[in-house]
Amino acid sequence: MLSLLELAILTSLTAGSLCGAVGFHAFKMGVITLSFAVAHGALAGAAIGLVLRVDVSYSALIAAILTATTLSLSLSKLGPFRELINMVFFSTSSAIALLSIYYANVKVLATTNVAALLWGSVLTVTPFKYFLLLSTALSYLAYYLAFKWKINSIIYDRRLAEAEGINVTLHTSLLLTFEGLSIALTLMLVGGFLVFSLLYNPVIASSNLTKETKGQLLLSTTLGGFSSLMGLAISYLFDSPVGASIALSSATLVIASYFLKFLKNRLNQYLLSGNRNP
Amino acid sequence: MKLSKVTVAYSGSDRPAIEDVDLELPLGSLSLITGPNGAGKTTLLECCLGLLKPIKGEVFLLGVNTKAREIIEVRKKCSYVPQDFIKPPYETYTVGQVLHLGLAPYVPPFRSPILNLKAMKVVEELELSDLVDKPIGTLSGGQQQRVLIARALIREPLALFLDEPLSCLDRYWRDKVMELVNDYVRDRGALALVVSHDPNPVENYVDYLVEMSEGKVKRVVEC
């Protein structure tokens, strides 16, 4: 049987890598605001779980899938109002989350359940939840490997892919559903407000470090896993909240990537000027 | 390709982009849709592909109503070269990848697309062989347009929809591309719809000339 620390290490590595990969595709497919709505739907579901006194991970999972499905089904019908409707989803979900916390009969926000929901806790990780997370990660890997040409076609040009007979709505819906699952299962580690650090910080860091699309995906996945592990280690060493530690470590990687990009540009400029004046 | 009393309107606009359009174009024909800016040429083309749904009337692409679910399968038999095809310098997909992506709809899960000999011939004729490893964003507008035309042809479509396909090309390439498209239509018995505000040199090859103005088809001339 795995110890709590071993389980926490495996969960951080898997959740970070999964979020890095899913966030990369959400960014490239232009559905970041949709994922924002799905994440807050998951948060609202988790908060409703507090009121109903069920495990928040499972209520978050159901809410994330429901939000992703609703948004996917209405995607083509929303037209130019898509972004605005997402914001309606976002604000409504946040309101439901806050109201649910208010009515959850917990007196202070430091209560373990609420704390775990808002900023994550390794104490909420169980072997079964890790199994769900690992299954989601492996399913996403299989989905990507099976349809990578179609996914890349959508990334290259959404309209052209649709005109050429790729079911863009189906793949966007699948991506949103995977994102909803990833967010719901990562909530236990980083909480509802910090989950975006795992989704999008690795994407910007990888974009700074390589220009090649395939390289960016691999790097985003790797950096997601690495920043999550780094955050967990910081949390363990300094007894700090795990969600905030992960968010700060991934932000540190973003800053480091900008620094490396700056150094690389300067080096290129130096080499170019050296070539001009031998 | 059949349009019957088709009206398309964009949300927020007080007048339809195209109105009461009736048009029927047979397989094996090359047609030019021409007209001034804002005439509704691109809207008509996107409507034919089912990318825009009419608020009135019906559109049939290769015998299938564009409002039906089957339209996704039918689009696999079509190729499209959009008007706004230019990618920025930071676009990292290589020319080779962009060409392969055109074959993505036909690829079974876990498999990769392969360019056959016919496809390689198209790539050679459009003088893209030396560019296959270059990121598409680093190419000129004309080179990028040739890549998109090659992508459209290597899909071996039954219907070709080309929106201003010569806009970035010089005289030599305008003639060469139209010759390639014309040969393709005649050899395969395919349908080609070319949108161009400038009829030259497309009109030398066309079977039908469709003149549009203010969202309406003013005249269809059989050439």
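Above: the structure in question.
Quick summary incoming for the structure in this document. Everything quoted here is computed from the prediction, not taken from an experiment. What you see as residue numbers is a count from 1 along each chain, following the sequence as written. Key to labels: chains lettered from A, ligands numbered from 1, both in the order written. Since the coordinates come from a predicted model, pLDDT governs what is reported: local features require at least 70, and pairs of side-chain atoms require 80 or more to be given and counted, while whole-chain, interface and lining totals use all residues. Hydrogens and water are ignored here; the side-chain numbers use all heavy atoms of the structure.

Regarding the overall build of chain B
Phase 1 of the analysis: A tally of helices and strands in chain B yields six helices and 10 strands.
Phase 2 of the analysis: Radius of gyration (C-alpha) of chain B: 17 Å, near the 17 Å computed for a compact globule of 223 residues.
Phase 3 of the analysis: Principal-axis analysis of the C-alpha atoms gives chain B an extent of 45 × 40 × 35 Å.
Phase 4 of the analysis: Note on exposure labels: buried denotes an accessible area under 20% of the residue type's maximum, exposed denotes more than 50%, and partly exposed covers the range between, all computed with a 1.4 Å probe on protein chains only. Going through the 223 residues of chain B one by one, you find that 53% of them count as buried.
Phase 5 of the analysis: Relative to all contacts within chain B whose residues are 6 or more apart in sequence, the contacts with residues 24 or more apart total 67%.
Phase 6 of the analysis: When the accessible surface of chain B is summed, it comes to about 10,100 Å², and 49% of that surface belongs to carbon and sulfur atoms. A run of DSSP states H or I qualifies as a helix once it reaches four residues; a run of E qualifies as a strand once it reaches two. Both are numbered from the N-terminal end. Atoms counted for the radius of gyration: C-alpha only. Globule rule: 2.2 Å times the number of residues to the power 0.38. By definition in these notes, contact holds between two residues if any of their heavy atoms fall within 4.5 Å. Values of accessible area rely on a 1.4 Å probe in the Shrake-Rupley scheme; residue burial ignores everything except the protein chains shown.

Notes on the pairing of strand E4 (residues 56-61) of chain B
All names here are of chain B.
Phase 1 of the analysis: In this sheet, E4 lies alongside strand E1 (residues 2-8) in antiparallel orientation, the contact comprising four bridges. Paired with Lys2 across the two strands is Phe60, which belongs to E4.
Phase 2 of the analysis: Once E4 ends, the chain turns through two residues before running back antiparallel as strand E5 (residues 64-65), passing Leu62 with a positive phi of about 50°. Strands were regarded as paired on the criterion that DSSP finds at least two bridges between them.

Describing the layout of surface pockets
Phase 1 of the analysis: Grid points spaced at 1 Å over the protein atoms alone were grouped into cavities, where a 1.4 Å probe fits but cannot get out, and pockets, open sets with protein on both sides within 12 Å along at least five of seven lines, with lining residues defined by an atom within 4 Å of a point. Grid points are joined across faces, edges and corners, and a volume is the space filled by probe spheres set on the points. The space that makes up the second largest pocket amounts to roughly 620 Å³.
Phase 2 of the analysis: Tyr144, Lys148, Lys214, Leu217 and Leu218 of chain A are the residues nearest the centre of the second largest pocket, which is lined by 27 residues in total.
Phase 3 of the analysis: Contributions of two or more residues to the lining of the second largest pocket are made by helix H1 (4-28), helix H6 (127-156) and helix H10 (213-238) of chain A together with helix H3 (95-101) of chain B.
Phase 4 of the analysis: Of the residues forming the lining of the second largest pocket, the biggest block, nine residues, is contributed by H6 of chain A.
Phase 5 of the analysis: Three classes are used: nonpolar for Ala, Val, Leu, Ile, Met, Phe, Trp, Tyr, Cys and Pro, charged for Asp, Glu, Lys and Arg, and polar for all others, with Gly counted as polar. Counted by class, the lining of the second largest pocket contains 15 nonpolar, nine polar and three charged residues.

Details of the side chain of Thr66 of chain B
Residue and element names in this part refer to chain B.
Phase 1 of the analysis: For Thr66, the position within the fold is in the loop between E5 and helix H2 (71-75).
Phase 2 of the analysis: Among the residues examined, Thr66 registers a relative accessible area of 0% and is labelled buried.
Phase 3 of the analysis: Dropping the residues within four chain positions of it, Thr66 is found in contact with Cys47, Cys48, Leu49, Gly50, Lys53, Val59, Leu61 and Ile71.

Some remarks on the side chain of Ser206 of chain A
Phase 1 of the analysis: Locating Ser206 of chain A in the fold gives a position in helix H9 (residues 195-209).
Phase 2 of the analysis: Those residues in contact with Ser206 of chain A that sit more than four places away from it in its chain are Gln216, Leu219, Ser220 and Leu223 of chain A.

Some points on the pairing of strand E9 (residues 208-213) of chain B
Residues and elements named next belong to chain B.
Phase 1 of the analysis: Alignment of strand E3 (residues 30-34) against E9, held across four bridges, turns out to be parallel. Note on E9: the bridge partner recorded for Ile33 is Val210.
Phase 2 of the analysis: Bridging between E9 and strand E10 (residues 216-222) involves six bridges; their strand directions are antiparallel. When the bridges of E10 are listed, Leu209 appears paired with Val221.
Phase 3 of the analysis: Remark: two residues form the turn of the hairpin made by E9 and E10, two consecutive strands paired antiparallel; Glu214 in that turn has positive phi of roughly 50°.

Section: helix H5 (residues 141-154) of chain B
Residue and element names in this part refer to chain B.
Phase 1 of the analysis: Here H5 is 14 residues long and its end C-alpha atoms lie 20 Å apart, about the 20 Å a rise of 1.5 Å per residue gives.
Phase 2 of the analysis: Within H5, the full set of buried residues consists of Gly142, Gln144, Gln145, Arg146, Val147, Leu148, Ile149, Ala150, Arg151, Ala152, Leu153 and Ile154.
Phase 3 of the analysis: Just downstream of H5 lies Glu156, where phi reads positive at about 50°. Expected span of a helix, by definition, is 1.5 Å for each gap between consecutive residues, and there is one gap fewer than residues.

Quick notes on the sheet that holds strand E7 (residues 159-163) of chain B
All names here are of chain B.
Phase 1 of the analysis: Strand order across the open sheet formed by six strands is E6-E7-E8-E3-E9-E10, with mixed pairing between neighbours. The strands lining the two open edges of the sheet, one partner per strand, are strand E6 (78-81) and E10. Averaged over all neighbouring strand pairs, the angle between strand axes comes to 15°, with direction disregarded.
Phase 2 of the analysis: The axes are straight lines fitted to the C-alpha atoms, using for helices just the contacting stretch, and the angles between their N-to-C directions are given from 0 to 180°. In this fold H5 packs onto E6 and E7, with an angle of close to 175° to the strand it touches most, E6.
Phase 3 of the analysis: Running over the sheet, helix H6 (residues 171-188) touches E3, E7 and strand E8 (191-195) and is turned about 135° from E3.

Overview of the packing of aromatic side chains
Phase 1 of the analysis: For Phe, Tyr and Trp, rings pair up if their centres lie within 6.5 Å, where Trp contributes its six-membered ring, and each pair is then called stacked (planes under 30 degrees apart), edge-to-face (over 60) or tilted (otherwise). For the structure on display, the rule yields 11 aromatic pairs over all chains.
Phase 2 of the analysis: With centroids separated by 5.0 Å and ring planes inclined at 70°, the aromatic side chains of Tyr140 of chain A and Phe178 of chain A adopt a geometry described as edge-to-face. Of this pair, Tyr140 of chain A sits in helix H6 while Phe178 of chain A sits in helix H8 (residues 168-190), and the two are 38 residues apart along the sequence.
Phase 3 of the analysis: According to the relative accessible area criterion, Tyr140 of chain A is buried, its value standing at 4%.
Phase 4 of the analysis: The buried category is assigned to Phe178 of chain A, whose relative accessible area is 12%.
Phase 5 of the analysis: Here the aromatic rings of Tyr172 of chain B and Trp173 of chain B are separated by 5.1 Å at their centres, their planes lie at 80°, and the arrangement is edge-to-face.
Phase 6 of the analysis: Tyr172 of chain B gets classed as partly exposed once you look at its relative accessible area, which sits at 47%.
Phase 7 of the analysis: The structure contains a cluster of three or more aromatic residues connected by ring pairs, namely Phe36, Phe90, Phe196 and Tyr200 of chain A.
Phase 8 of the analysis: In our convention, an over-ring charge means Lys NZ or Arg CZ found within 6 Å of a ring centre and within 35 degrees of that ring's normal. Taking NZ or CZ as reference, Arg146 of chain B lies 4.1 Å from the ring centre of Trp173 of chain B, over its face.

Some words on a nonpolar patch on the surface
Residue and element names in this part refer to chain A.
Phase 1 of the analysis: Exposure above 30% relative accessible area and the lack of any salt bridge qualify a residue for a patch; like charges then connect within 9 Å, and the nonpolar side chains Val, Leu, Ile, Met, Phe, Trp and Tyr within 5 Å. Here a salt bridge means any side-chain nitrogen of Lys or Arg lying within 4 Å of a carboxyl oxygen belonging to Asp or Glu. There is a patch of nonpolar side chains on the surface, built from Ile48, Val51, Leu52, Val54, Ile96, Leu99, Tyr102 and Tyr103 and spanning about 810 Å² of accessible area.
Phase 2 of the analysis: Secondary structure elements with two or more residues in the nonpolar patch: helix H2 (32-52) and helix H4 (82-103).
Phase 3 of the analysis: Considering each element in turn, the nonpolar patch owes the most residues, four residues, to H4.
Phase 4 of the analysis: The residue Leu99 is located in helix H4 in this model.
Phase 5 of the analysis: Look at Leu99 and you get partly exposed, because its relative accessible area is 48%.

Things to note about the interface of chain A and chain B
Phase 1 of the analysis: On the chain B side, the residues contacting the 23 residues of chain A number 31 residues.
Phase 2 of the analysis: Each partner contributes to the roughly 2,500 Å² buried at the junction of chain A and chain B, and carbon and sulfur atoms together form 58% of this total.
Phase 3 of the analysis: Across the contact surface, chain A and chain B share four salt bridges.
Phase 4 of the analysis: Any pair of N or O atoms that falls within 3.5 Å is considered a polar contact. Within protein, one atom must be able to donate a hydrogen and the other to accept it, and sequence-neighbouring residues count only if both atoms are side-chain atoms. Seen at the junction of chain A and chain B, the total is 12 residue pairs in polar contact (both at pLDDT 80 or more).
Phase 5 of the analysis: At the level of secondary structure, the elements contributing two or more residues to the side of chain A that touches chain B comprise H6 and helix H7 (158-163) of chain A.
Phase 6 of the analysis: When residues of the side of chain A that touches chain B are assigned to their parent elements, the largest contribution, 10 residues, is made by H6 of chain A.
Phase 7 of the analysis: Considered class by class, the residues forming the side of chain A that touches chain B number 11 nonpolar, five polar and seven charged. Note on definitions: buried area is the accessible-area loss of two parts on being combined, 1.4 Å probe, summed for both.

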